[in-house]
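Read off the chains here:
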Amino acid sequence: PKISPQLYNEYIERLAWRTPGGGSKGGAEAFDPKRLLEEFENHIEELKQLDEKIQRRVEKLEHQCHREAKEFAHKVQDLQRSNQVAFQHFQELDEHISYVATKVCHLGDQLEGVNTPRQRAVEAQRLMTYFNEFLDGDLRSDVFNNPEKIKEAADIIQKLHLIAQELPFDRFADVKAKIASKYHDLERQLVQEFTAAQRRGEIGRMREVAAVLLHFKGYAHCVDVYIKQCQEGAYMRSDVFEDTALLCQRVNKQVGEVFQNPETVMAKLIQNIFENKLQAHVKEKLDETRRSDIEQYLKNLYDLYTRTTALAAKLTEFNLGSDKHTFLSKLIKNIFSTYLESYIEMEKDYLRTRSAMILQRYYDSKNHQKRPLGGGSIQELKERIRQRTNLPLGPSIDTHGETFLSQEVVVNLLQETRHAFERCNRLSDPSDLPKNAFSIFLLLVEHLCVDHIDYALEIGLSAIPSADAKNANLYFLDVVQQANTIFHLFDKQFNDHLMPLISSSPKLTECLHKKKEVIEQMEVKLDTGIDRTLNCMVGQMKHILATEQKKTDFRPEDENNVMIQCTAACSKVCVYVSRQVERVRKSMDGKNVDTVLTELGVRFHRLIHEHLQQYSYSSMGGMLAICDVAEYRKSAKDFRVPLVLQLFDTLHALCNLLVVAPDNLKQVCSGEQLTNLDRNLLHAFVQLRVDYRQARLGRHFS
């Protein structure tokens with residue numbers, strides 16, 4: 001490899017520095033180039049000798065490496081040949097072992113073929129010996145008389161019992177009866193032994209006896225005894241569900257150690273508990289309230305069904321066979337089927353009765369007798385005419401400020417319905433859930449929307465006075481405010497509790513349509529009531545102006561002694577308007593506020609516009625009119641509606657025509673705010689001036 005120039009230079013520098021007289025900066029000895037050259041030549045010679053020495057060593061090592069590689073290759077070839085020989089020997093040995101194994105298997109089959117009949121013959125001889133004892137009626141064998149050999153006796157008697165069933169009855173009736181008697185006696189002893197072992201808590205002995213009884217007909221009885229004893233003392237508390245869960249957890253740990261088929265025993269235990277303990281508990285709880293207290297009955301049914309399904313969910317942790325979910329569902333259905341079939345009708349009856357009671361209790365607290373709101377009657381016809389024409393068809397009802405809407409009543413109705421939806425979700429069959437939920441929703445619509453809100457709207461509409469009534473109390477806006485709050489609560493329950501139950505069913509469309517229909521019907525009545533209320537507001541303003549505004553307000557007798565300020569009528573109207581604007585803001589929310597205030601502002605402007613055109617104005621009277629309009633304009637700002645403010649800005653500009661000099665009329669009419677107005681409107685305002693005829697102002701509009 002090449003030496004880097006830097007390393008080479010450093011090497012030369014060190015060599016020169018070590019050579020006497022070779023230093024470049026002088027020192028004790030002067031610089032001696034010859035000596036340095038001689039040193040370099042000697043050093044180069046040494047390096048050449050070193051290079052030759054290293055080269056010889058490298059060649060020697062390369063030669064040695066080649067020799068060892070050849071030796072290793074020869075050794076590998078020898079090993080491969082040895083491995084091939086060993087592999088051939090292994091194949092021969094494997095074939096020999098396979099041959100021997102085949103011979104051994106064949107020999108084993110032959111031995112088994114000889115030994116099996118022999119064993120059967122020995123077993124048959126043994127059974128025949130025992131059978132002879134039964135035939136003679138004298139059980140001499142120790143196996144039948146020694147209690148410690150009950151396991152062996154059980155095996156013998158079980159086999160004899162099977163043999164006896166194949167014998168003809170007429171010849172062997174007596175011996176068959178003796179074997180059967182011994183069979184049942186032994187079976188009874190085994191069950192008793194199992195019971196005693198269970199009471200002592202001897203799991204090993206229980207396992208042995210259960211294994212023996214497995215081949216007996218009484219095995220099922222053994223399981224029944226086990227299940228019965230497991231439940232002794234297990235239900236000491238009042239909570240049968242918690243006791244059942246603890247019992248099953250305890251038995252589940254034990255049953256696998258005792259029985260060979262623990263899933264069957266566990267399933268039979270749970271079935272026994274459901275069909276006896278739980279069913280009796282449910283029947284007791286529900287039957288005592290079904291006739292007397294339907295509310296408590298529904299609560300108990302919901303609670304019991306919920307706790308039973310929760311218990312079943314816990315029990316799925318245990319091994320109950322292949323289809324444990326279907327097994328547990330069937331057990332639950334067997335307990336509750338009779339109650340669930342009639343659930344929804346009882347739910348609707350209760351909800352209908354409860355809702356009617358809540359409403360009646362409220363109206364009784366108000367000493368109010370509900371008015372019948374008939375359909376197709378003369379009263380309805382009058383109401384329709386009144387809504388469309390605002391004609392006073394008879395006196396309005398005085399509700400004394402009562403809206404007949406109660407948030408407490410609404411909360412109670414919604415709470416009852418929420419509980420009904422929860423019970424419906426839990427107790428209804430999945431296929432019937434949307435239909436049942438919809439029927440509950442219809443009851444909510446009937447009692448909340450129709451019997452309460454719609455009735456209050458009808459009463460509120462009837463209580464709205466005619467537009468020309470004096471000092472009318474407008475309580476309909478309070479009805480609007482409370483109805484708006486109730487709508488929000490109604491909509492929240494619709495989304496939170498009804499929608500999850502019907503969202504994936506065809507009933508969703510039907511529910512949404514019904515909700516839309518109900519809301520639209522109420523919105524029509526709200527719109528009608530608001531419209532008539534606005535008419536009453538405008539009528540009240542008109543009454544203030546008619547009683548407070550005098551003709552001399554705008555044609556003062558002494559124009560030199562007049563204070564430039566708004567008139568008393570204007571002040572009272574502005575106070576009234578501000579009060580009504582505030583009421584509208586409190587009664588509504590969102591875009592409804594702007595919509596209603598826009599309509600009120602337009603009507604307010606129209607009233608003032610028409611009112612001002614009823615008077616003639618002197619020069620000073622025109623200034624007073626401008627003051628009034630300026631005050632009205634301040635009130636218009638409270639509306640926070642650009643259109644209303646723009647209308648009063650234009651009216652203020654029109655009032656300037658009452659005071660401007662005749663020669664400047666055309667210039668003012670061409671101003672930014674008036675240039676787009678109808679010339680006839682401008683001319684009509686100019687005609688209100690006292691000096692209209694004297695100054696021949698009409699020529700400015702010719």
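Residues numbered from 1 in each chain as written. Predicted model: local features only at pLDDT ≥ 70, side-chain atom pairs only at ≥ 80, totals over all residues. Heavy atoms only, no water.

S.K.: Got a minute to help me understand the overall build of the protein chain in this structure?
M.R.: Of the regular secondary structure elements, the protein chain holds 23 helices and zero strands. Taking all 702 residues of the protein chain together, 38% fall into the buried category. Put simply, 75% of the contacts in the protein chain that link residues at least 6 apart link residues at least 24 apart. Of the accessible surface of the protein chain, which amounts to about 41,800 Å², a share of 51% is contributed by carbon and sulfur atoms. (Helix = DSSP H or I, 4+ residues; strand = E, 2+ residues; numbered from the N terminus. Buried < 20%, exposed > 50% of the residue type's maximum accessible area, 1.4 Å probe, protein only. Contact = heavy atoms within 4.5 Å. Areas by Shrake-Rupley, 256 points an atom, 1.4 Å probe, with all protein chains shown as cover.)

S.K.: So what exactly am I meant to see when it comes to the environment of L654 here?
M.R.: Mapping L654 onto the fold places it in helix α21 (residues 642–655). For the pair L654 and C669, spaced 15 residues apart in the sequence, the C-alpha separation amounts to 8.6 Å.

S.K.: Explain the pattern of salt bridges to me, please; I cannot follow it from the model alone.
M.R.: Think of it this way: side chains of opposite charge can pair up when their charged atoms draw near. Tallied over the full model, the rule gives 27 salt bridges. Residue R603 is joined to D531 by a salt bridge in which the shortest nitrogen-to-oxygen separation is 2.3 Å. Taken together, the residues R603 in helix α19 (residues 591–612) and D531 in helix α17 (residues 507–548) connect sequence positions 72 residues apart. Of the residues examined, D531 reaches a relative accessible area of 26% and is grouped as partly exposed. Residue D691 pairs with R689 through a salt bridge whose shortest N-O separation is 3.1 Å. The class for R689 is buried, based on a relative accessible area of 6%. Overlapping salt bridges, with partners in common, bring together E193, R200, E202 and R205 in one network. (Salt bridge = Lys/Arg side-chain N within 4 Å of Asp/Glu carboxyl O.)

S.K.: For this particular structure, what's the right way to read a positive patch on the surface?
M.R.: A surface patch of like charges, here positive, comprises K53, R56, R57 and K60. Within the fold, R57 resides in helix α2 (residues 33–136). Look at R57 and you get exposed, because its relative accessible area is 62%. (Patch = residues over 30% accessible without salt bridge, like charges linked within 9 Å, V, L, I, M, F, W, Y side chains within 5 Å. Lys, Arg positive; Asp, Glu negative; His and termini not counted. Charge placed at Lys NZ, Arg CZ, Asp CG, Glu CD.)

S.K.: I would appreciate a short explanation of the packing of aromatic side chains in the present structure.
M.R.: Within a pair of aromatic rings, the relevant descriptors are the distance that separates the centres and the angle that separates the planes. With the rule as written, the count across this model stands at 14 aromatic pairs. Centroid distance F194 to Y226: 6.2 Å. Interplanar angle 65°. Geometry classified as edge-to-face. Of this pair, F194 sits in helix α5 (residues 169–200) while Y226 is found in helix α7 (residues 219–230), placing the two residues 32 residues apart along the sequence. Under the relative-accessibility criterion, F194 is labelled buried at 0%. Residue classification places Y226 among the buried residues on the basis of a relative accessible area of 1%. Note on F554 and Y617: the rings are 4.9 Å apart at their centroids and 55° apart in plane angle, and the pair reads as tilted. One end of the pair, F554, is in the loop between α17 and α18 (568–587); the other, Y617, is in the loop between α19 and α20 (619–637), and 63 residues separate them in sequence. Taken individually, F554 and Y617 each receive the classification buried, so the pair is uniform in this respect. Members of the aromatic cluster, each reached through a chain of ring pairs, are F438, F441, F490 and F494. For K370, the ring lying beneath its charged end belongs to Y455, and the centroid distance is 4.6 Å. (Phe/Tyr/Trp six-rings, centres within 6.5 Å; stacked < 30°, edge-to-face > 60°. Lys NZ or Arg CZ within 6 Å of the ring centre and 35° of its normal.)

S.K.: What is the right way to look at the UniProt feature "coiled-coil region" (unreviewed entry) in the protein chain in this model?
M.R.: As annotated by UniProt and renumbered to match this structure, "coiled-coil region" (unreviewed entry) occupies residues 37–64. Counting secondary structure, residues 37–64 comes out at 100% helix and 0% strand; the distance between its end C-alpha atoms is 41 Å. (UniProt positions renumbered as here; feature names shortened; annotations may be inferred.)

S.K.: Any chance you could explain the layout of surface pockets here in plain terms?
M.R.: Over the atoms rolls a probe the size of a water molecule, and its path tells where empty space is left. Estimates place the volume of the largest pocket at around 530 Å³. As for the largest pocket, its lining consists of 21 residues, of which Y305, K333, L340, D429 and P430 are closest to the centre. For the lining of the largest pocket, the elements supplying multiple residues, two or more each, are α10 (294–315), α11 (324–341), α12 (343–365) and α14 (407–427). The greatest single-element share of the lining of the largest pocket, amounting to eight residues, is contributed by α11. Of the pockets and cavities examined, the second largest pocket occupies roughly 450 Å³. Along its surface, the second largest pocket is lined by 17 residues, and E523, L526, D527, I530 and N592 are the ones closest to its centre. Put simply, the parts of the chain that give the lining of the second largest pocket at least two residues each are α16 (476–502), α17 and α19. Residues that form the lining of the second largest pocket fall into these classes: eight nonpolar, five polar and four charged. (1 Å grid on protein atoms, 1.4 Å probe; cavity = no way out; pocket = protein on both sides within 12 Å on 5 of 7 lines; lining within 4 Å. Points joined across faces, edges and corners; volume = space filled by probe spheres on them. Nonpolar A, V, L, I, M, F, W, Y, C, P; charged D, E, K, R; others polar.)

S.K.: Even after reading the chapter, I still don't get the packing of α12 against helix α15 (residues 433–463), so can you show me in this structure?
M.R.: Each packed pair of helices is defined by two parameters, the angle between the axes and the distance between the axes. Contact pair α12 / α15: the axes reach a minimum separation of 10 Å and the direction vectors enclose 15°. Between α12 and α15, the crossing angle belongs to the class labelled roughly parallel. Note that α12 runs across α15; the crossing there is right-handed. Contacts between α12 and α15 involve I344, E347, K348, L351, R352, S355, A356, L359, Y362 and Y363 on the former and, on the latter, N436, S439, I440, L443, H447, D451, H452 and Y455. Per-class residue counts for the contact of α12 with α15 are nine nonpolar, five polar and four charged. (Axes fitted to C-alpha atoms, helices over the stretch in contact; angles between N-to-C directions. Parallel < 35°, antiparallel > 145°, perpendicular 65-115°, else oblique. Left-handed = near helix turned anticlockwise from the far one by under 90°.)

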